[in-house]
Amino acid sequence: AGLGLAGAWLTREDGSWLLPFALCALALYAVLVLANKKETRRQRLRRFLAPLVALAVFAACLGVYCGINDAYYGRFIVSDFTSSEFEDAVGAMIRCDTDTPHIKCLVCRETIDKLAEAVPQMAAIRGYWDEHNSYNGWGDPAGKVFYSGGFCWALRSAVYELGWAAHAQGAAVVYSKLAADINAA
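Conventions we followed
- Residues numbered from 1 in each chain as written.
- Predicted model: local features only at pLDDT ≥ 70, side-chain atom pairs only at ≥ 80, totals over all residues.
- Heavy atoms only, no water.
- Helix = DSSP H or I, 4+ residues; strand = E, 2+ residues; numbered from the N terminus.
- Rg over C-alpha atoms; globule rule 2.2 N^0.38 Å.
- Buried < 20%, exposed > 50% of the residue type's maximum accessible area, 1.4 Å probe, protein only.
- Areas by Shrake-Rupley, 256 points an atom, 1.4 Å probe, with all protein chains shown as cover.
- Contact = heavy atoms within 4.5 Å.
- Lys, Arg positive; Asp, Glu negative; His and termini not counted.
- Salt bridge = Lys/Arg side-chain N within 4 Å of Asp/Glu carboxyl O.
- Axes fitted to C-alpha atoms, helices over the stretch in contact; angles between N-to-C directions.
- Parallel < 35°, antiparallel > 145°, perpendicular 65-115°, else oblique.
- Nonpolar A, V, L, I, M, F, W, Y, C, P; charged D, E, K, R; others polar.
- Patch = residues over 30% accessible without salt bridge, like charges linked within 9 Å, V, L, I, M, F, W, Y side chains within 5 Å.

### Regarding the overall build of the protein chain
Summing up its helical and strand segments, the protein chain has nine helices and two strands in all. Going from N to C terminus, the protein chain has its helices and strands arranged as α-α-α-α-α-α-α-β-β-α-α. In terms of overall size, the protein chain is more extended than a compact globule, its C-alpha atoms giving a radius of gyration of 22 Å where 185 residues would be expected to give roughly 16 Å. Along the three orthogonal principal directions, the C-alpha set of the protein chain runs to about 70 × 40 × 30 Å. The buried share of the protein chain, reckoned over its 185 residues, is 35%. Surface exposure of the protein chain reaches about 11,100 Å², of which carbon and sulfur atoms provide 62%.

Structure representation (C-alpha cells):
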C-alpha cells in the first residue's frame, strides 16, 4: 500500500488526490479493527498499528525521492509543480483571469495578453509560446490558448527554454519574481 501510494504520488500531478481516499480507508480500517471484539486488546493494537508500516514506506519513498532531487538539483521537493513558487506564479495568473467565458483553459488568452503588457517577463513567455507554437499538443493553436494542464507544462517549458532556469534554484527565483510582479501589477 505504501509503495502504491508513493508511486501514484510521484508519477502523477494529481497523485495528491489519492490521499483523501487513503485516509478514509485508514479510518474505516481503524473502526473495523477496534470493533472486532473477538481479538484481545493486544491483538487489536498490533492490527491497528499495522498500517503505520504502509505510511512509513510512503514517507520513506517520498523522502528518498526528494533527497535525490536535493542532491541532484539542490532542492528537497518532489517537483516544481508542487513547489510553492510555481503555485504562487500560476495562482497569481489565475487570480488575474478575466470575466471572458472560457472552457477547458486555466488562464485565457485575453488575460495572458494583459499580463504581457504589465509584466515584461510574461511578455517574453507569451512571445516564446507564440514563436514556437507551444499551443500545439497542449492547447488550441488557433485560439492561442492552453488547456488547463497544458498551461502548467507550457509555463515550465518556456521558463526552461528561455534560459531562465537551468536548475531548480533558478526556477524558484523565476517563479517567485513572476508571482511578485504579477501581484504588483
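So, next bit.
### Points about unusual backbone geometry
Positioned with a positive phi, Asn133 is a non-glycine residue whose angle comes to about 45°. You can see Asn133 is positioned in the loop between helix H7 (120-131) and strand S1 (139-140). The class for Asn133 is partly exposed, based on a relative accessible area of 37%. The backbone phi angle of Lys144 is positive, close to 50°, even though this residue is not glycine. Classification of Lys144 as partly exposed rests on a relative accessible area of 33%.

### Remarks on the side chain of Asp80
With respect to the helices and strands, Asp80 occurs in the loop between helix H4 (51-73) and helix H5 (84-95). Other than its neighbours up to four places away in sequence, Asp80 contacts Phe86, Arg156 and Tyr175.

### Section: the side chain of Arg44
Here Arg44 lies in helix H3 (residues 41-49). Despite its burial, Arg44 remains without a salt bridge, the nearest opposite charge being carried by Glu39 at 5.9 Å.

### Re the packing of H7 against helix H9 (residues 168-184)
At a minimum axis separation of 9 Å, H7 and H9 run at an interaxial angle of 115°. Classed by the angle they form, the pair H7 and H9 counts as roughly perpendicular. Only Val174, Lys177, Leu178 and Asp181 of H9 make contact with H7, whose side of the interface consists of Gln121, Met122 and Ile125. Split by residue class, the contact of H7 with H9 holds four nonpolar, one polar and two charged.

### Some thoughts on a nonpolar patch on the surface
A cluster of nonpolar side chains, contributed by Leu19, Leu23, Leu26, Leu34, Leu45, Phe48, Leu49, Leu52 and Leu55, occupies part of the molecular surface with about 750 Å² of accessible area. Relative to the helices and strands, Leu26 resides in helix H2 (residues 18-35). Leu26 sits in the partly exposed class, given a relative accessible area of 30%.

Distances and angles like these do not, on their own, reveal function.
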